[in-house]
Number of protein chains: 2
Amino acid sequence: MTAERQWIAALAARLPKYGAGVRVGIGDDCAVLRPRAGHEIVVTTDLLLEGTHFRRDWHSPESAGHRCLARGLSDLAAMGASPLAAFLSLAAPPERMRPQGRAKKSWLDRFLDGLLALADAHGVSLAGGDTAQSPMGGVIADIVLLGQTPRGRALLRSGARAGDRLYVTGALGGAAAELLALGHGQSLRLKGATAHPQLFPQPRLAVGQRLLGARLATAAIDISDGLSTDLDHLCEESGLAAVIDAAALPVHPLAVMAAERGWAASAQGLALHGGEDYELLFTAAPAARVPRQIAGVPVTCIGAMQAPARRQPRMQLRSAGGSSEALAPGGWEHFRPR
Amino acid sequence: MTAERQWIAALAARLPKYGAGVRVGIGDDCAVLRPRAGHEIVVTTDLLLEGTHFRRDWHSPESAGHRCLARGLSDLAAMGASPLAAFLSLAAPPERMRPQGRAKKSWLDRFLDGLLALADAHGVSLAGGDTAQSPMGGVIADIVLLGQTPRGRALLRSGARAGDRLYVTGALGGAAAELLALGHGQSLRLKGATAHPQLFPQPRLAVGQRLLGARLATAAIDISDGLSTDLDHLCEESGLAAVIDAAALPVHPLAVMAAERGWAASAQGLALHGGEDYELLFTAAPAARVPRQIAGVPVTCIGAMQAPARRQPRMQLRSAGGSSEALAPGGWEHFRPR
């Protein structure tokens, strides 16, 4: 038995019992899933590449594994979907499969610890995938998430209407701020669930499901590339413009700390353009009663959608004094080569 | 607009209209699929890594793209499934996105040509995926295929019974033989659909669907790792042993040519252990009337399943003279580092 097969056997052995929607999991040519009657399937795939989406010297293996699954779960959250199953394609250099340290765990074992802890928290079954040795020196992961929504009810980017209010969950700019801290070899101390928005972002599945179930949202997207870039996508798909109220932006406390240390020009800039927050951005009709908190997560109205006008920029940022400036998509490009 | 976004926009523009099962394709957080009522979903993911699953100096970009999709389609074929949609996660170094040569096509454009030609031939919609720049020098692809089967009817590896006959489609050893030729910088001339089993393998979707539809097969698997390895999987999942009739093996003519040139010890060895043929291996009840040809593909009975016995090897190869030897899984390991 090759090291690869041994590793898969060890992985399969540690997986919890599959959820209700999984009829056949790991071990056949395909997994077999049984969605609920009257439901549609939503599907997303997300690459996580060492050197592009995480750095070995900044992200622990547990953080990389958590982030891998969080990327996909956040896409399900943006559709209002319930998770059905996850599939992981994973390639790594052989040395990452070898046990190391006191705990005798390999890098990949710890990666899976992080991934499976988040899967467990959201009741997601890992039902299959693929593995290979990476000839390229770094870890390569592709996460596939399948979810289900009642037929015709998935939250799309294209459903917003002029006059709709614009909302975000949680606070923005924290993931970018924590990444800046890592880049400076420092850590920013904060307590509680929001302490590590970069290393352990929390996908907003319960919020998305509530938005769909209560018919609150007209459109939704997750903030992976930064508010300005993802709002631009939402405007484009809905054929609308948007105005953001600068004073209303929920700026993450870590963004404030990062700006105070001089790592960023402003905390607001991080909130507007910093990516990887994995919060939800959604629209709701003006008459909709959107709670200030959903499933324990703060929800903030940050502006409104409007009909596009010829000489107006697609996105505007309105200051407290009432003046407006154009807002361009300036989303975070991670640490990709430019 | 980044080069990546431009490339995705160009890709989306060239895609044909989505098939019936795709309600929302590229452009939202997730694709939305609508399976047929009373059907289950089957899912498979397959990595295709440069240097592991293909070599740039041996495989043209079109071949790499074809093989990428063929890997996934072959898994659907082994379940007897109809394709619902494909998703492609793709990372490449920036220079592979740049137009080259007279046709002004980039390596990735040609990769997609190969992939989309096969998708078109089988009516498969590319409904989403992910892209990134590869920081690792080589092309990284992960193909995800979703298919559908009538509820409870998917062909599993575990369904074989003692006494069932064992069948394969097409001929075996051709893909390994053509790979040997590429390694020797030579080409083996052959005409027709079976001319390039390595560069352009043909997934047996129509055969699989017919096996399911006519309730012919009790179990099935595709031959990706080599007959001996994949039969071992089928035996294990079904809790059975198997006897192969050596004289009955449909040996690919390229395997004979490769052996004649001294690149392999024997053509039979390539047929037994050579991988990547993407033919189907299936079992059927002794009373089942299995045609000699299904959907234009030859079908050959190569042996039978039997109850496991204590002192007998799980797999045996019976020669024309009647003597038997143990057969061990010796599947092709591509050109992986060992």
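The rules behind the values
Residues numbered from 1 in each chain as written. Chains lettered and ligands numbered in written order. Predicted model: local features only at pLDDT ≥ 70, side-chain atom pairs only at ≥ 80, totals over all residues. Heavy atoms only, no water. UniProt positions renumbered as here; feature names shortened; annotations may be inferred. Pairing = 2+ DSSP bridges. Helix = DSSP H or I, 4+ residues; strand = E, 2+ residues; numbered from the N terminus. Axes fitted to C-alpha atoms, helices over the stretch in contact; angles between N-to-C directions. Contact = heavy atoms within 4.5 Å. Buried < 20%, exposed > 50% of the residue type's maximum accessible area, 1.4 Å probe, protein only. Salt bridge = Lys/Arg side-chain N within 4 Å of Asp/Glu carboxyl O. Buried area = accessible area lost by both parts, 1.4 Å probe. Polar contact = N/O pair within 3.5 Å; in protein donor to acceptor, adjacent residues only side chain to side chain.

As recorded in an unreviewed UniProt entry, chain A goes by the name Thiamine-monophosphate kinase, listed as coming from Acidobacterium capsulatum. Per UniProt, the comment on chain A under Sequence similarities (unreviewed entry) is "Belongs to the thiamine-monophosphate kinase family."

Thoughts on the sheet that holds strand E1 (residues 22-24) of chain B
As summarised here, the arrangement of the six strands in space is E5(A)-E4(A)-E6(A)-E3(A)-E2(B)-E1(B), forming an open sheet in which the pairing is mixed. Pairing within the sheet leaves two strands with one partner each, and these edge strands are strand E5 (126-133) of chain A together with E1 of chain B. Taken pair by pair, the neighbouring strands of this sheet meet at an average axis angle of 20°, ignoring direction. Pairing geometry for strand E4 (residues 82-92) of chain A and strand E6 (residues 140-150) of chain A, over nine bridges, is antiparallel. Note on E6(A): the bridge partner recorded for A:Leu90 is A:Ala141. The strands touched by helix H3 (residues 107-121) of chain A within the sheet are strand E3 (39-49), E4, E5 and E6 of chain A, with E4(A) carrying the most contacts at an inclination of about 165°.

As for the pairing of strand E10 (residues 280-284) of chain A
Burial of E10(A) is extensive: five of the five residues sit out of reach of the surface. Neither face of E10(A) is left uncovered, since the one carrying A:Leu280, A:Phe282 and A:Ala284 and the one carrying A:Leu281 and A:Thr283 both have all their residues buried.

Quick look at the environment of A:His233
Structurally, A:His233 can be placed in helix H6 (residues 227-238). Along the chain, A:His233 and A:Gln293 lie 60 residues apart, while their C-alpha atoms are 25 Å from each other.

Points about the pairing of strand E8 (residues 217-222) of chain B
Residues and elements named next belong to chain B. Summarising burial for E8: six of the six residues are buried, a large majority. As paired strands, E8 and strand E10 (residues 280-284) are joined by five bridges and run antiparallel to one another. Bridged to Ile-221 within E10 is Leu-281.

Remarks on the pattern of salt bridges
Within the structure shown, the criterion is met by 30 salt bridges over all chains. A salt bridge links A:Arg34 to B:Glu40, with the shortest nitrogen-to-oxygen separation between them at 2.4 Å. Linking A:Arg34 in the loop between strand E2 (31-33) and E3 with B:Glu40 in strand E3 (residues 39-49), this pair reaches from one chain into another. Judged by relative accessible area, A:Arg34 falls into the partly exposed class, the value being 27%. Among the salt bridges present, the one from B:Glu62 reaches B:Arg110, with a minimum N-O distance of 2.7 Å. Here the residue B:Glu62 occupies a position in helix H2 (residues 61-79), and B:Arg110 occupies one in helix H3 (residues 107-121), the gap between them amounting to 48 residues. Residues participating in the shared-partner salt-bridge network are A:Arg14, A:Lys105 and A:Asp113.

Looking at the environment of A:Ser266
Checked against the element boundaries, A:Ser266 lands in the loop between helix H7 (253-260) and helix H8 (267-273). For the pair formed by A:Ser266 and A:Val256, sequence separation is ten residues and the distance between their alpha carbons is 7.7 Å.

Notes on the UniProt feature "binding site: Mg(2+) 3" (unreviewed entry) in chain A
Mapped onto the present numbering, the UniProt feature "binding site: Mg(2+) 3" (unreviewed entry) falls on A:Asp29, A:Asp75 and A:Asp222. Maximum C-alpha separation among the annotated residues is 32.5 Å over a sequence range of 194 residues, too wide for a single clustered spot. Take A:Asp75: it is sitting in helix H2 (residues 61-79). Of note, A:Asp222 is situated in strand E8 (residues 217-222). Leave out the neighbours within four places in its chain, and A:Asp222 touches A:Ser74, A:Asp75, A:Ala78, A:Asp230, A:Tyr278, A:Glu279, A:Leu280 and B:Asp29.

Quick notes on the interface of chain A and chain B
Contacts between chain A and chain B engage 68 residues on the former and 68 residues on the latter. Of the roughly 4,900 Å² buried at the junction of chain A and chain B (both faces included), carbon and sulfur atoms supply 55%. The three residues of chain A that bury the most area against chain B are A:Asp29, A:Val43 and A:Met136, which together make up 14% of that side's buried surface. The partner of B:Glu40 in a salt bridge is A:Arg23, and the shortest N-O contact between them spans 2.8 Å. For the pair chain A and chain B, the number of links is 24 residue pairs in polar contact (both at pLDDT 80 or more). Take the side of chain A that touches chain B: its biggest share by element is nine residues, from E3(A).

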